[in-house]
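Structure assessment
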Amino acid sequence: MASISVDGNVQRKKLNRVVLAYSGGLDTSVIVPWLRENYGCEVVCFTADVGQGVQELEGLEQKAKASGACQLVVKDLQEEFVKDFIFPCLRAGAIYERKYLLGTSMARPVIAKAMVDVAKEVGADAVAHGCTGKGNDQVRFELTFFALNPELTVVVPWREWEITGREDAIEYAKKHNVPVPVTKKSIYSRDRNLWHLSHEGDILEDPANEPKEDMYMMSVDPKDAPDEPEYVKIGIVEGLPVSVNGKELSPASLLTLLNEIGGKHGIGRVDMVENRLVGMKSRGVYETPGGTILFTAAQELESLTLDRETIQTKDFLALKYAELVYAGRWFDPLRNSIDAFMKEVTKTTTGSVTLKLYKGSITVTGRESPNSLYRQDISSFESGSIYNQADATGFIRLYGLPMRVRAMLEKGL
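Before going into details, it helps to say that this report is about the structure given with it.

Criteria and cut-off values
- Residues numbered from 1 in each chain as written.
- Predicted model: local features only at pLDDT ≥ 70, side-chain atom pairs only at ≥ 80, totals over all residues.
- Heavy atoms only, no water.
- Helix = DSSP H or I, 4+ residues; strand = E, 2+ residues; numbered from the N terminus.
- Contact = heavy atoms within 4.5 Å.
- Areas by Shrake-Rupley, 256 points an atom, 1.4 Å probe, with all protein chains shown as cover.
- Lys, Arg positive; Asp, Glu negative; His and termini not counted.
- Charge placed at Lys NZ, Arg CZ, Asp CG, Glu CD.
- Phe/Tyr/Trp six-rings, centres within 6.5 Å; stacked < 30°, edge-to-face > 60°.
- Buried < 20%, exposed > 50% of the residue type's maximum accessible area, 1.4 Å probe, protein only.
- Pairing = 2+ DSSP bridges.
- Axes fitted to C-alpha atoms, helices over the stretch in contact; angles between N-to-C directions.
- Expected span 1.5 Å × (residues − 1).
- Core = buried A, V, L, I, M, F, W, Y, C linked by side-chain atoms within 4.5 Å.
- Polar contact = N/O pair within 3.5 Å; in protein donor to acceptor, adjacent residues only side chain to side chain.

1. Section: the overall build of the chain
For the chain, the helix and strand inventory stands at 13 helices and 16 strands. Long-range pairs, those at least 24 residues apart, make up 73% of the contacts in the chain with a sequence separation of at least 6. Element-wise, carbon and sulfur atoms account for 52% of the exposed surface of the chain, whose accessible area totals about 21,500 Å². If the 49 positive side-chain charges of the chain are averaged to one point and the 57 negative ones to another, these points end up 2 Å apart.

2. What to know about the packing of aromatic side chains
Evaluated as defined, the whole model comprises 10 aromatic pairs. Ring geometry for Phe 141 against Phe 145: centres 6.2 Å apart, planes inclined by 40°, an arrangement best described as tilted. Here Phe 141 and its partner Phe 145 are both found in helix H5 (residues 137-148), four residues apart, which amounts to about one turn of the helix. Note on accessibility: Phe 141 and Phe 145 belong to one class, buried.

3. As for helix H13 (residues 401-410)
Counting buried positions along H13 yields zero of 10 residues, so the element is predominantly exposed. Where H13 ends, the next residue or the one after it, Gly 412, has phi of about 70°, a positive value.

4. Structural notes on the pairing of strand E10 (residues 230-237)
Sheet topology note: the E10/strand E15 (residues 351-358) ladder contains seven bridges and is antiparallel. Bridge pairing in E15 links Val 232 to Leu 355. Bridge count for E10 against strand E11 (residues 240-244) is four bridges, and the pairing is antiparallel. Along E11, the bridge assignment pairs Ile 236 with Pro 241. Once E10 ends, the chain turns through two residues before running back antiparallel as E11, passing Glu 238 with a positive phi of about 50°.

5. Looking at the sheet that holds strand E7 (residues 153-155)
Strand order in the open sheet formed by five strands is E5-E4-E3-E6-E7, with parallel pairing between adjacent strands. Both edges of this open sheet fall to strand E5 (71-76) and E7, since each of them pairs with a single strand only. Strand after strand, the sheet turns through a mean of 25° between neighbouring axes, direction not considered. Alignment of strand E3 (residues 17-21) against strand E4 (residues 42-49), held across five bridges, turns out to be parallel. Among the inter-strand pairings, Val 18 is bridged to a residue of E4, identified as Val 43. Its contacts with the sheet place helix H2 (residues 60-67) against E4 and E5, and it is angled at close to 150° to E5.

6. Quick look at the sheet that holds E11
Read across the open sheet, the five strands follow the order E12-E11-E10-E15-E16; overall the sheet is antiparallel. On the outer flanks of this sheet lie strand E12 (247-248) and strand E16 (361-368), each paired with one strand and no other. Bridge count for E15 against E16 is seven bridges, and the pairing is antiparallel. For Ser 352, the partnering residue across the bridge sits in E16 and is Glu 368.

7. Some remarks on helix H4 (residues 103-122)
For H4, which comprises 20 residues, the first-to-last C-alpha distance of 29 Å matches the rise-based estimate of 28 Å (1.5 Å per residue) to within 8%. Of all 20 residues making up H4, 16 are buried, and the element is well covered by its neighbours. Downstream of H4 by a residue or two, Gly 123 has a phi angle that is positive, lying close to 75°.

8. A word on the environment of Tyr 216
Mapped onto the fold, Tyr 216 is located in the loop between strand E9 (197-200) and E10. Each C-alpha atom of the pair Tyr 216 and His 199 lies 8.5 Å from the other, and the pair is 17 residues apart in sequence. Once residues lying within four places of it in the same chain are set aside, the contact partners of Tyr 216 are His 199, Pro 211, Arg 269, Val 285 and Glu 287.

9. Topic: the nonpolar core
The biggest cluster of nonpolar side chains holds 73 residues, and the ones touching the most others in it are Val 19, Phe 46, Leu 102, Met 115, Ile 234, Leu 258 and Leu 294. Discounting chain neighbours no more than four positions away, the residues touching Met 115 are Val 19, Leu 20, Ala 21, Phe 46, Val 127, Ala 128, Phe 141 and Phe 145. One finds Leu 20, Val 32, Cys 41 and Ala 173 within the second-largest nonpolar core, a separate group that totals 28 residues.

10. What about the environment of His 199?
Mapped onto the fold, His 199 is located in strand E9. Since its relative accessible area comes to 0%, His 199 is described here as buried. Apart from residues no more than four positions distant in its own chain, His 199 is found in contact with Ser 189, Arg 190, Leu 204, Met 215, Tyr 216, Arg 283, Gly 284, Val 285 and Glu 287. Here the side chain of His 199 touches Arg 190 through a polar contact of 3.0 Å, side chain to side chain. For His 199, the side chain forms a polar contact with the side chain of Glu 287, separated by 2.8 Å.

11. Quick notes on the environment of Cys 70
The topology assignment puts Cys 70 in the loop between H2 and E5. By relative accessible area, Cys 70 is classed as partly exposed at 36%. In the structure, Cys 70 is positioned 54 residues away from Asn 16 in sequence and 12 Å away in space, judged by C-alpha atoms. Setting aside residues no more than four positions away along its own chain, Cys 70 makes contact with Glu 42, Val 43, Val 44 and Lys 65.

The structure is reproduced here in structure tokens:
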């Protein structure tokens, strides 16, 4: 980390080896020589496969070493990401500000956790990331570093260097003989993983502008979706999805399949203005086809298996859970405690939900559970032995007593 001396010069601590969160793009390619130049350290590049696509992983080792890295470490985190990060959020019903299904928020802690593990494996004394000072991701990475290994030094070039934009970065790369990525730069800032694809920037920066249809990559325009609906049956055990149409799948395989099915029918598009952790508002468009299907199924099954008070308490805590995850506090004891509650109350949430997908919409057509609290013999309009309608008279008189007393006071009775 850097400090400022009395004479105004930047003074930096000498580091031995740094693990850098590496994508192979311009920014992280430039960070490699910058770290070597300014901290006199070796740089180990780390890339996590969280389902962003094979095209983003191709040629990374060659790029990293050409930039000056001593090695590249790639880890496939897809199953861990879905099982240990996505599914707990799904079980909790965590949605940020009514719409956001937390795609990027869940991915950062699993990546940062792996970076801490790699730092131990390669004997690094520091970690670094390429997040800017305006976003949420810097917080998510660094809170995870603090929680899992507070002894690691955290280096954040965007807060230290004099590079201010893309042209500066290209100039720095040329000066240090770093191959500049020749891929066409998207006009959008995107983040993709197995759960979602987010879009920010360009015309989206004006909330009044409608997104262009060619921006979407995971889902078709609903009007171009098939003219026939498709039915999909989601099997759930203790609040977690385990099967699609009767076929049991691993967490990552299940989500991959539902992304394909949902994307084909234009499911899961969200356009929202959200409040970033750092104080500003931002507009983003999210594609979460498989996740939207799973959230719908989980909530519908809970309508059978949870009582009123439990659902209300769960929904209340889900808001806090989502806020903690969005704010990078995955390893906070409070999130762990709420997660324990969610795990306990969903022990009976086992069964299946059948959904109809049609041109961007999801309709629930069936719910089944061996633990269902719904009793047809009680709910039926036909008379039954368990529920005596005459009992309602006394219940309503007692339940409405506070209202009667207030009315009597107002009328002087």
